[in-house]
Number of protein chains: 2
Amino acid sequence: MSGRKEFRDLATPEEAHATIADLDIGGGTEMVALAEANGCVLAERVDAGLDVPGFDRSALDGYALRARETFGASEGDPTAFTVVGTVETGEPPAVDIESGEAVEIATGAVMPDDADAMVPVEQTDERKDELLVRTAVTPGENVMVAGADIAAGERALGPGTRLTAREVGLLSALGADELPVRAKPRVGIVSTGDELVRPGDELDSGRGQIYDVNSYATATGVREAGGEPVMYPHAGDDTEEMERVLREAAAECDLVLSSGSTSASAVDVIHRVIDEQGELLLHGVAIKPGKPMLVGRLEEAAYVGLPGYPVSALSIFRTFVAPAIRRAAGQSEPETATVEGRMASHERHEEGRRRLVPVGLVVNGDGEVLVYPVDKGSGATTSLVEADGIVEMPADVNYLDAGEAVTVQLFSPDVRPPTLFGVGEDDPLLSRLLDRLDRPRYLHQGSRGGQRQLRDGVTDIGVSSIADAEVGTDIGGWTREWGLVVPDGNPDGVEGVADLVDDDLRFVNRPTESGLRTSLSNALADLADERDIERHDLVDAIDGFEFTVQAHESPARRVLAGDGDAGLGLRATAAKLGCGFVPVGSERVRVLANPERTDKPGVEELETELTDIDSLLDEIPGYSR
Amino acid sequence: MSGRKEFRDLATPEEAHATIADLDIGGGTEMVALAEANGCVLAERVDAGLDVPGFDRSALDGYALRARETFGASEGDPTAFTVVGTVETGEPPAVDIESGEAVEIATGAVMPDDADAMVPVEQTDERKDELLVRTAVTPGENVMVAGADIAAGERALGPGTRLTAREVGLLSALGADELPVRAKPRVGIVSTGDELVRPGDELDSGRGQIYDVNSYATATGVREAGGEPVMYPHAGDDTEEMERVLREAAAECDLVLSSGSTSASAVDVIHRVIDEQGELLLHGVAIKPGKPMLVGRLEEAAYVGLPGYPVSALSIFRTFVAPAIRRAAGQSEPETATVEGRMASHERHEEGRRRLVPVGLVVNGDGEVLVYPVDKGSGATTSLVEADGIVEMPADVNYLDAGEAVTVQLFSPDVRPPTLFGVGEDDPLLSRLLDRLDRPRYLHQGSRGGQRQLRDGVTDIGVSSIADAEVGTDIGGWTREWGLVVPDGNPDGVEGVADLVDDDLRFVNRPTESGLRTSLSNALADLADERDIERHDLVDAIDGFEFTVQAHESPARRVLAGDGDAGLGLRATAAKLGCGFVPVGSERVRVLANPERTDKPGVEELETELTDIDSLLDEIPGYSR
């Protein structure tokens, strides 16, 4: 630990910004072909190297002549000229003119030497061998003189200009086919940690492996910010390999980002390499999510260590790293798009650190933006896409009240609140229905979650299969067959819920939020009545009744994996996964609209689609009107 | 002409939009690697194929145990456990626990089978061989259960989702390494016309050749809109080659764009190929610029013929074609960014067609946006970059008054008015000075143009070398040596302006707007006084006095090309181009600020830079304080 800097306090976000801004991650200058220049930023001023046009150019089809010889000509009193030749576009003007002569000329063609103006064909007539000119023109009229657009030596575009179609047009006119542009900063992406597996490779969940989320997400963020991501092979927890990869990335890149493992050994290797070949400048930042951030230098490269949790990693990347990459790439900061809204529910925050709260947006019936916190824990990747932006809570604020006005920093200027926001039952027909809509957002929180959020006035719609709901306006629905999903061929000969009680079956249940769970409970209540016993005695006899799994297919998948003998589920799921199915009943899934938002376009669109679900009903086994 | 459709009337813009919208330019579905997916649009819904996490996962470092065995534990009255093993992240949990036992567990590691909660290390103590747990936890506490983030079978992302870093993160978590996305529409770019030369190739101005502006500019526009441009070899005016290229493009692309030649032969070939192998649907649209637009089908491909002039071509592309490409690519329409402003000058429009007037923006002293028309003719490529957006004038409006309120459609949402807007003298030191500023705009309209625009209150600054100007606030300047630029070695032995009058020299002049021209006029007036003759007699004796060229280097370049014996110019230009120089005098170039905008940040920035020009003065021959 000799020489290692001690960082007693977390850096403030301002200190973190300043530390990163001081690192040099500029990529220098490189030449780019004009055809590939879209989005690049000029590194140097471009002066015109030639006149545009390079010659005096006829602006129209007509006749080139000497302007002063048309003076006095008019519609009623034309002046006669002799046509002595023709100049086509793209040809040298092989004719001279003398007094009283004109030359037929095409748009864009070179003006003959002694002509100083041209008359459009519409203002002339031919009479025998003569050309009658019916208007007077001034010298230079209808002629674009050489260099009139831009002349050799003029400043065309300044350094820092971002090249779009318009600039590419001007550069084309100048004949530029290669341009000096700001090189994209090369950003090396190093991931460590034995538990991480690159997407596409086999995953062994039993060993606690998970897919590496940060590498590709960060690489995409780098590209969005104008950098060139360089992915390095995943280093696992092999410290030698980790060290080799870090050094290789430092040698090849302007900036090295590592993220991933929270394991102590990985952190130790990074610290050691930085101690030996660089400098650690900052360790930890007082912001949540994101505390475990490292900033330093690694040989000639800048280094930032991102937190391991995806939401934290991307939040730190966006807040601190992306602006530095954009600056180095010469890209302007995107307009910080913000939206004013009101909290749809309260948000508590107990720690004394500034906090970036991911939030979703929904427009209520009055067109007002409601803001709700999205927080499934920073280990959850779904919160990445379920949020629209960030509300910042200062370190000394620990409570946002429902109804409180807040400013949301959108993730990008083109983020819009979803056209439709729903919460409720997880259902395969609903999934397909949502595919027909433009940008809906739908969260699976079960029938009870859907009813609760609808009651609280947050969502546009709730979807529930619990029959006694008294919230919302029913705008349509369907019926689905539910029962017990069993292994293919029903080896245990399960016939109904009674077998769960009576036989030695491992059952897989759904949580109490789920509508299916309510249907099961009703069936069990009927059975208890029938047998004249207490319901809880019945339930106690079911092995696994308390073991609930997350989504509507999850019990069936457990059964399929051999981790259960019967699972609560749909005929549709059994058919999809090739399992056996024991029908128990049918339940109606109802789409309930927020009564104040029935004329919101997204709700109306869904209502229309709900009248047209016959093809979907045919597609899904066990579904009917 | 047999069978060719007749189009007697120009289509309305609405008809043109509808015709293009009816063409099918969709590119279908293709697979893309996750690492390359940035900006792509999902073609299909993505459901989770696995649980994330795939196992019950410890959320913190600490101890896994049975929750009910902690009930009653508190800071003051801890419960003791025996630690029976360790589970590291990325390892299978090779231990079972029984009553009274706990397992040390790392963040992210797999929970052992019989543990249902974990206690963070901070809430425990070790005592001898025992673990003291100082808090009660509930079942599931500090555990992320399998599928809690997203479970197998759940809808993860809908079709039409645009993939950014956040979506790439979620897809990584699902292990997706290839995704079905909307294929980019392939857009073939065909250019025709003998006069066009691709940038990078040699240009023969004497034959009236110009660089092909539209091909690369349109290709860039296609890429910006989410399409994949395919450039075809330039076809010249060879009708067979043109036909071959058109057919090849139609076979290979979803949409073919042609532009370029206005020559009748090219148009004829296009018409013939469309007649034979497709259908012409629209010919000409009632909008300016852009009338000569063709829309049709060419074999299986859609076809749009763009006008030849760059501003027209890009305007038609942006208005009609780009939205169709975006739709086909599944990209959302960019927010139509608009700005409200007032016309800085009037704009007349005589034709009865809807007109898109390119305009520039400048912020005045009150922070109000002034809007001025940018029109150098649609043949001018510089107007592409000198404009910030478009003001639409309906067909029945033929006049916009100065001061009138207008809405400007910005070329893109990130367009901002320049930080500094100046007009005036063209000067090499000024060019370098502008390089130091962030996004200035400076138009070369000579000293008189600079003074006029400043007087009219349009610009922030004017730059003038005409001494008697009484407009603006002088915020700095420099002195430059001017005279006659002659061939290297001064073969005619020119000694001063008198030689222009007395010797048989071909002179090349600058326009009356130029400050240099005023200095020359003053020198000639002195000579006339000296000789006691009329100034115009003196001027008449100068061969080429009325022949003026566009930019400050232009006379010198004419001399260099052998098209003149002496040109009006700067010592700096003679030195740069390796010409001889005959000094005549010095003139002061003054930067004049709009008195109402001296505290505008861009003006203040320039004023500061003006105090620091010594290094520039050293760099440029003939320049001094």
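For the structure given in this document, a descriptive report is provided here. (Residues numbered from 1 in each chain as written. Chains lettered and ligands numbered in written order. Predicted model: local features only at pLDDT ≥ 70, side-chain atom pairs only at ≥ 80, totals over all residues. Heavy atoms only, no water.)

## Some thoughts on the overall build of chain A
- When helices and strands are tallied, chain A shows 16 helices and 36 strands.
- Considering chain A as a whole, with its 625 residues, one finds that 55% of them fall into the buried category.
- Restricting the contact set of chain A to residue pairs at least 6 apart, pairs at least 24 apart contribute 71%.
- When the accessible surface of chain A is summed, it comes to about 25500 Å², and 43% of that surface belongs to carbon and sulfur atoms.
- Of the side chains in chain A, 57 bear a positive and 116 a negative charge, and the two mean positions are spaced by 4 Å. (Helix = DSSP H or I, 4+ residues; strand = E, 2+ residues; numbered from the N terminus. Buried < 20%, exposed > 50% of the residue type's maximum accessible area, 1.4 Å probe, protein only. Contact = heavy atoms within 4.5 Å. Areas by Shrake-Rupley, 256 points an atom, 1.4 Å probe, with all protein chains shown as cover. Lys, Arg positive; Asp, Glu negative; His and termini not counted. Charge placed at Lys NZ, Arg CZ, Asp CG, Glu CD.)

## Examining the nonpolar core
- By size, the foremost hydrophobic cluster in this structure holds 57 residues, and its most contacted members are A:Leu255, A:Met293, A:Phe320, A:Val321, A:Ile325 and A:Val371.
- Here this core gets nine residues from one element, more than from any other, and that element is helix H6 (residues 310-329) of chain A.
- Setting aside its immediate chain neighbours within four residues, A:Val371 contacts A:Gly341, A:Arg342, A:Met343, A:Ala344, A:Ser345, A:Val359, A:Gly360, A:Leu361, A:Val391, A:Val406 and A:Val408.
- Membership of the second largest hydrophobic core comes to 56 residues, among which are B:Phe320, B:Ala324, B:Leu356 and B:Val371. (Core = buried A, V, L, I, M, F, W, Y, C linked by side-chain atoms within 4.5 Å.)

## Some thoughts on the sheet that holds strand S8 (residues 124-127) of chain A
Residue and element names in this part refer to chain A.
- As summarised here, the arrangement of the six strands in space is S7-S4-S6-S5-S9-S8, forming an open sheet in which the pairing is mixed. Of all strands in the sheet, those with a lone pairing partner are strand S7 (117-120) and S8, marking the two edges. Taken over all neighbouring pairs, the strand axes of this sheet differ in orientation by 40° on average, direction set aside.
- Of the pairings in the sheet, the one linking strand S4 (residues 62-65) to S7 comprises four bridges and is antiparallel in character. Bridging across to S7, Tyr63 finds its partner in Val119. (Pairing = 2+ DSSP bridges. Axes fitted to C-alpha atoms, helices over the stretch in contact; angles between N-to-C directions.)

## A closer look at the pattern of salt bridges
- Tallied over the entire structure, the rule returns 69 salt bridges over all chains.
- Residues A:Glu587 and A:Arg480 are paired through a salt bridge, measuring 2.8 Å at the closest nitrogen-oxygen approach. Of this pair, A:Glu587 sits in strand S35 (residues 580-593) while A:Arg480 sits in strand S32 (residues 473-486), placing them 107 residues apart in sequence.
- What makes A:Glu587 buried here is its relative accessible area of 4%.
- Owing to a relative accessible area of 0%, A:Arg480 belongs among the buried residues under this scheme.
- Note that B:Arg244 is salt-bridged to B:Glu241, the shortest N-O span being 3.2 Å. Of this pair, B:Arg244 and B:Glu241 both sit in helix H4 (residues 239-252), three residues apart, roughly one helical turn.
- The network of salt bridges with shared partners includes A:Arg45, A:Asp47, A:Arg155 and B:Asp435. (Salt bridge = Lys/Arg side-chain N within 4 Å of Asp/Glu carboxyl O.)

## Observations concerning the packing of aromatic side chains
All names here are of chain A.
- On inspection of all chains with the given rule, the structure shows two aromatic pairs over all chains.
- Ring centres 4.6 Å apart and planes at 5° place the aromatic pair Tyr372 and Phe421 in the stacked group. Residue Tyr372 is found in strand S25 (residues 369-373), and its partner Phe421 is found in strand S29 (residues 420-424); the two are separated by 49 residues along the sequence. Both residues of the pair, Tyr372 and Phe421, count as buried. (Phe/Tyr/Trp six-rings, centres within 6.5 Å; stacked < 30°, edge-to-face > 60°.)

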